[in-house]
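Understanding the architecture of this molecule
Listed below are the residues making up each chain.
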Amino acid sequence: NRILLEYIINGKETDVTSLVLDTKTAAWMCFELPKGEVVAIDGLDELRKLDGVFLVNLDDICIGKSIGEMKDDTGKLGPVLIKGDTREQCFETIAKVKQTLDIRVRNKNGEINKMIW
């Protein structure tokens, strides 16, 4: 996971031919926000403290940020990286993440919409 993160975040390449793999599991979660202005971000501090949450990369999302229309997968936000000893642990953590993080956006008509996992 560390090598993958280094590649994704910093573009650092590693020779993986000599790696010894363990049996732990990991997951990668992204989400999208509807078009509009971010008006609320709840649960972010709690999310970072959840057991099984390895990394939360939401530093570019803030109250007042303008969100454009998502045209393809490159518009997804995050990621939230999950780790666990078993696949079931990862799924449990994913459920907790979805219950914990709540980001809302106001559209041009004044309607408030939630994030989409």
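Right above here is the structure, for reference.
Residues numbered from 1 in each chain as written. Predicted model: local features only at pLDDT ≥ 70, side-chain atom pairs only at ≥ 80, totals over all residues. Heavy atoms only, no water.

Focus on the side chain of Thr93
Topologically, Thr93 is positioned in helix 3 (residues 87–100). Discounting residues that sit within four places of it in the chain, Thr93 has contacts with Asp51, Gly52, Val53 and Ile82. (Helix = DSSP H or I, 4+ residues; strand = E, 2+ residues; numbered from the N terminus. Contact = heavy atoms within 4.5 Å.)

A closer look at the sheet that holds strand 5 (residues 77–84)
Here three strands make up an open sheet; going across it, the order is 1-5-3 and the pairing antiparallel. Looking along the sheet, the strands with just one partner apiece sit at the ends: strand 1 (25–31) and strand 3 (53–56). Adjacent strand axes in the sheet meet at a mean angle of 20 degrees when their direction is disregarded. With six bridges joining them, strand 1 and strand 5 adopt antiparallel strand pairing. Note on strand 5: the bridge partner recorded for Thr25 is Gly84. (Pairing = 2+ DSSP bridges. Axes fitted to C-alpha atoms, helices over the stretch in contact; angles between N-to-C directions.)

Quick word on the nonpolar core
Membership of the largest hydrophobic core comes to 21 residues, with the highest contact counts inside it found for Phe31, Leu33 and Leu47. Beyond its immediate chain neighbours, meaning those up to four positions away, Phe31 contacts Leu58, Ile61, Lys76, Leu77, Gly78, Leu101, Ile103, Met115, Ile116 and Trp117. (Core = buried A, V, L, I, M, F, W, Y, C linked by side-chain atoms within 4.5 Å. Buried < 20%, exposed > 50% of the residue type's maximum accessible area, 1.4 Å probe, protein only.)

Description of the sheet that holds strand 4 (residues 66–67)
Pairing in this open sheet of four strands is antiparallel, and the strands run 4-2-6-7 from one edge to the other. The open sheet has two edge strands, strand 4 and strand 7 (112–114), and neither has a second partner.

Section: the environment of Val105
Residue position: Val105 is located in strand 6 (residues 102–106). C-alpha separation for the pair Val105 and Ala40, spaced 65 residues apart in sequence, amounts to 7.1 Å. Every residue in contact with Val105, bar those within four places of it in the chain, is listed here: Leu33, Pro34, Lys35, Gly36, Glu37, Val38, Val39, Glu111, Ile112 and Asn113.

All we've got here are geometric facts, nothing functional implied.
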